[in-house]
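Structural overview for review
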Amino acid sequence: MSSPEPEVTEVLVVGGGQAGVAMSEHLTQRGIDHIVVERNRVAENWRTARWDSLVANGPAWHDRFPSMAFEGVAADEFAPKDAVADYLETYAKAFCSPIRTGVSVTSVRRNEHGAGFTAHTSEGTITARYVVAATGAFQNPAIPPLVPDDAPLTQIHSSTYRNPDQLPAGGVLVVGAGSSGVQIAAELRRAGREVTLAVGPHDRPPQRYRGRAFVWWLGTLGLWQAAAPAAGSEHVTIAVSGADGGHTVDFRDLAADGIRLVGRASGYSNGTLTFDDDLAANIERGDSNYLAILQAADAYIARNGLDLPEEPEAHNLGPLPADALDPIRELDIAAAGITSIVWATGFKSDYSWLQVDALDERGLPRHQRGVSSEPGVYFLGLPWQSSRGSTFIWGVWHDAKYLADQIEIQDSYLGYDGDGVPWNFVPKAPAARAVNA
């Protein structure tokens, strides 16, 4: 019995989150045949890989696609996680995106005979001339191998944390000073838990300054458009929060609320956790980043003659927390009453299904602006893919547009008939926009 013939499409997009939806919109506008496959539901991570109280860290007027506003969320409010998921699902339906949910991709390989690639999926085989890996870079939780699994602790990653009631009674160590870590630590403290927060290197922009949101300042000052992180800051996280209406993260405030601060977690032995002597340096680095943005904003206002309210008190940070001046280097977990660790330590990529020459020896994409080293394969949703904003909803939309342009250009070359007839990059059959700002 012969196997069924594979389904054929021009572009296969793997992943139905914000990257896959954005890619599908731009391909649809150009009339390029494509299929989007998603192993779960559209925007599944927003629904089930976030804690219950999570909201977006930027206001709704900014953290969206350019052509559709949020419904039921005021422009300056911060959209709850389920509202973001609903937004992406509604957006995809608005232009009839050919998304197939519940379809897993097990492998993608270049065709030995003929152009393009063959994808093996849970629902059959698909061949495509181009493949877009739109799964992003955050597939698998990254937990440092510091504390053994058999230690007398409950250990979870921030992606599986939901609320304080999920954890056993007792104190909690939160490892990670980015947005997830500081928000989870604050929520646990409000719930009456004794909380220890391990703070690593971080940037911390003001959530709002002189009447403008931080996203406005990063755009106005050209910081969103930065093409690469500053040297030495490739893995530095950002501490910012949209919780409680949005506020600037300050580790002094967390300490004042009763959260014990320690440096970066570095080891564990016989029930004792150890921490680096870098807490003060990490807080001061974040302070420097914060003050630099304020100073740049002040200079911009003066240079452009803007009438924005002055905010001199924002420059007054106060002394470092006591924990930073006399840092804790070791902590006996039993004596400290710690029964749980929440690892807010980011994610690792998993492109094991992409079996083509587009990955380096670490399994990470080799690419320029998402165009991979394997002709016909593209990546979308990567940090710093083209700029600082690439992992945000609006940023991935612009990156998707660039990739759709590259695919269209390649198709235009293939469409050349060899007799000197002029050719161009005009879309084949632009689709009418079905989404409205």
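Below, the discussion takes up the layout of surface pockets. Here the second largest pocket is characterised by a volume of approximately 350 Å³. In this structure, the second largest pocket is lined by 22 residues; those nearest its centre are Ala186, Arg190, Asp244, His247 and Leu254. For the lining of the second largest pocket, the secondary-structure elements that each account for two or more residues are helix H4 (179-190) and helix H6 (251-256). The residue inventory of the lining of the second largest pocket, partitioned by class, reads 8 nonpolar, 7 polar and 7 charged.

The end-to-end C-alpha distance of H4, which contains 12 residues, comes to 17 Å, matching closely the 16 Å that a straight helix rising 1.5 Å per residue would cover. A large share of H4 lies buried, amounting to 9 of its 12 residues. Those residues of H4 not exposed but buried are Ser179, Gly181, Val182, Gln183, Ile184, Ala185, Ala186, Glu187 and Leu188. On its buried side, H4 packs onto strand E9 (171-175), strand E10 (195-198), strand E14 (237-238), H6 and strand E19 (338-343). Among the residues trailing H4, Gly192 stands out with phi positive, at a value near 90°.

Turning our eyes to something else, we now look at the sheet that holds E19. Spatially, 5 strands are ordered E8-E19-E9-E10-E15 in an open sheet, and the strand pairing comes out parallel. Unpaired on one side and paired on the other, strand E8 (154-157) and strand E15 (260-262) mark the two borders of the sheet. The mean inter-strand angle of the sheet, taken between neighbouring strand axes irrespective of direction, is 20°. Bridge count for E8 against E19 is 4 bridges, and the pairing is parallel. The partner of His157 across the bridge, within E19, is Trp343.

This part takes up the packing of aromatic side chains. Per the counting criterion, the structure on display carries 14 aromatic pairs. Consider the rings of Phe392 and Trp394, whose centres lie 6.4 Å apart with planes at 35°: the pair is tilted. Connected via pairs of aromatic rings, a cluster forms that spans Phe65, Phe70, Tyr87, Tyr91 and Phe95. The cationic tip of Arg212 hangs over the ring face of Trp216; the distance from NZ or CZ to the ring centre is 5.1 Å.

Turning next to the confidence of the model for the protein chain. Close inspection of predicted coordinates is inappropriate in any region flagged by low pLDDT. Taken residue by residue, the protein chain gives an average pLDDT of 93. The fraction at 70 or more is 95%. Predicted confidence is poor over residues 425-437, with pLDDT under 50, and the contacts of this stretch with residues over four places away or in other chains come to 36 contacts.

We now examine the packing of helix H1 (residues 18-29) against helix H10 (residues 393-414). At a minimum axis distance of 8 Å, the contact between H1 and H10 shows a crossing angle of 45°. In this view, H1 runs oblique relative to H10, as classed from their interaxial angle. Where H1 crosses over H10, the handedness of that crossing is right-handed. Residues Gln18, Ala19, Ala22, Met23, Glu25, His26 and Leu27 of H1 pack against Ile393, Val396, Trp397, Ala400, Lys401, Leu403, Ala404 and Ile407 of H10.

It is worth spelling out the environment of Pro59 at this point. Take Pro59: it is sitting in the loop between helix H2 (44-48) and helix H3 (81-94). With sequence-adjacent residues up to four places away left out, Pro59 is seen in contact with Ala75, Asp76, Glu77, Phe78, Ala213 and Val215.

About the thresholds
Residues numbered from 1 in each chain as written. Predicted model: local features only at pLDDT ≥ 70, side-chain atom pairs only at ≥ 80, totals over all residues. Heavy atoms only, no water. 1 Å grid on protein atoms, 1.4 Å probe; cavity = no way out; pocket = protein on both sides within 12 Å on 5 of 7 lines; lining within 4 Å. Points joined across faces, edges and corners; volume = space filled by probe spheres on them. Helix = DSSP H or I, 4+ residues; strand = E, 2+ residues; numbered from the N terminus. Nonpolar A, V, L, I, M, F, W, Y, C, P; charged D, E, K, R; others polar. Expected span 1.5 Å × (residues − 1). Buried < 20%, exposed > 50% of the residue type's maximum accessible area, 1.4 Å probe, protein only. Contact = heavy atoms within 4.5 Å. Pairing = 2+ DSSP bridges. Axes fitted to C-alpha atoms, helices over the stretch in contact; angles between N-to-C directions. Phe/Tyr/Trp six-rings, centres within 6.5 Å; stacked < 30°, edge-to-face > 60°. Lys NZ or Arg CZ within 6 Å of the ring centre and 35° of its normal. pLDDT = per-residue confidence, 0-100. Parallel < 35°, antiparallel > 145°, perpendicular 65-115°, else oblique. Left-handed = near helix turned anticlockwise from the far one by under 90°.

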